[in-house]
Amino acid sequence: MWGQGHTGFAARSRRRCCLVFEQAAKRFSARVAAVDRKQSWTYRDLDATANQFARVLIDRGVHPGDRVGLLLNRAAETCVAMLAVMKAKATYVPSTPRG
């Protein structure tokens with residue numbers, strides 16, 4: 001399977017991405033990080049919401065290295081979902097809606 005040979009790299013990449021975002025969230029906490037049609041999100045909002053979602057994923061049985069499918073659109077919630085999966089030490093598998 002493709003992912004087996006790259007497990008160490010994937011884990012390091014997830015940690016690095018999460019750390020970079022968490023550092024940005026601390027440094028720019030009140031600044032707007034994402035905007036969609038519904039609302040704007042500060043770095044603090046995105047990080048806190050991603051942490052909550054990551055806990056939900058873990059509570060529902062997502063383990064490090066698992067793959068989590070995400071149906072992606074252009075909403076800010078997509079950023080939250082991607083961060084949450086990485087914070088749960090899993091890998092997201094992107095999918096786009098048809099239509």
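Refer to the structure above for everything that follows.
So, here is what we can say about the structure in this document. Here the residue numbering is sequential within each chain, running from 1 through the sequence in written order. Where local features are concerned, this predicted model is filtered to residues with pLDDT of at least 70; where side-chain atom pairs are given and counted, the filter is 80 or more; whole-chain, interface and lining totals use all residues. Side-chain measures here rest on the full set of heavy atoms in the structure, leaving out hydrogens and waters.

### Focus on helix H2 (residues 43-59)
Under the convention used in this document: Every helix listed is a DSSP run of H or I at least four residues long, and every strand listed is a run of E at least two residues long, numbered separately from the N terminus. The span one expects for a helix is its residue count, reduced by one, times 1.5 Å.
For H2, spanning 17 residues, the distance from its first C-alpha to its last is 24 Å, which sits close to the expected 24 Å at 1.5 Å a residue. Where H2 terminates, the next one or two residues include Gly61, which has phi positive at roughly 105°.

### A short note on the environment of Val68
As a reminder of what qualifies: Burial status follows relative accessibility: with a 1.4 Å probe on protein chains alone, a residue under 20% of its type maximum counts as buried, one over 50% as exposed, and anything between as partly exposed. Two residues form a contact once any of their heavy atoms are found within 4.5 Å.
Here Val68 shows up in strand E3 (residues 67-71). Relative accessible area serves as the criterion here: at 14%, Val68 is assigned to the buried category. It is 7.1 Å that separates the C-alpha atoms of Val68 and Val85, two residues lying 17 residues apart in sequence. When neighbours within four sequence positions are excluded, Val68 is seen to be in contact with Val62, Val85, Ala90, Thr91, Tyr92 and Val93.

### Brief notes about the pattern of salt bridges
For the record, the criterion: In the sections that follow, a salt bridge refers to a side-chain nitrogen of Lys or Arg positioned within 4 Å of a carboxyl oxygen of Asp or Glu.
Under the counting rule described, the total for this entry stands at two salt bridges. Notably, a salt bridge pairs Lys87 with Glu22, separated by 2.7 Å at the nearest N-O pair. Here Glu22 lies in helix H1 (residues 7-27) and Lys87 lies in helix H3 (residues 76-87), a separation of 65 residues in the sequence. The partner of Asp47 in a salt bridge is Lys87, and the shortest N-O contact between them spans 2.7 Å. On the criterion of sequence distance, the pair formed by Asp47 in helix H2 and Lys87 in helix H3 is long-range, its members being 40 residues apart. Exposure remark for Lys87: the relative accessible area of 15% places this residue in the buried category. It is possible to trace a salt-bridge network through shared partners that takes in Glu22, Asp47 and Lys87.

### Things to note about the side chain of Asp47
In this structure Asp47 comes out as buried when scored by relative accessible area, which is 14%. Beyond its immediate sequence surroundings of up to four residues, Asp47 is in contact with Phe21, Glu22, Ala25 and Lys87.

### As for the environment of Val85
Summarising the element assignment, Val85 is placed in helix H3. Overall, the relative accessible area of 0% leaves Val85 in the buried class. Spatially, the C-alpha atom of Val85 lies 9.3 Å from that of Leu70, the residues being 15 residues apart in sequence. Here Val85 is in contact with Leu57, Val68, Leu70, Ala90, Thr91 and Tyr92, once residues within four sequence places are set aside.

### Some words on the side chain of Thr42
The following threshold applies: Identification of polar contacts relies on pairs of N or O atoms within 3.5 Å, with a donor-acceptor requirement for protein atoms, meaning one able to donate a hydrogen and the other able to accept it, and with residues adjacent in sequence counted only if both atoms are side-chain atoms.
Along the chain, Thr42 turns up in strand E2 (residues 40-42). Among the polar contacts listed, one links the side chain of Thr42 to the backbone nitrogen of Asp45, at a separation of 3.0 Å. Residues in contact with Thr42, not counting those within four places in the same chain, are Ser29, Ala30, Arg31, Val32 and Ala33.

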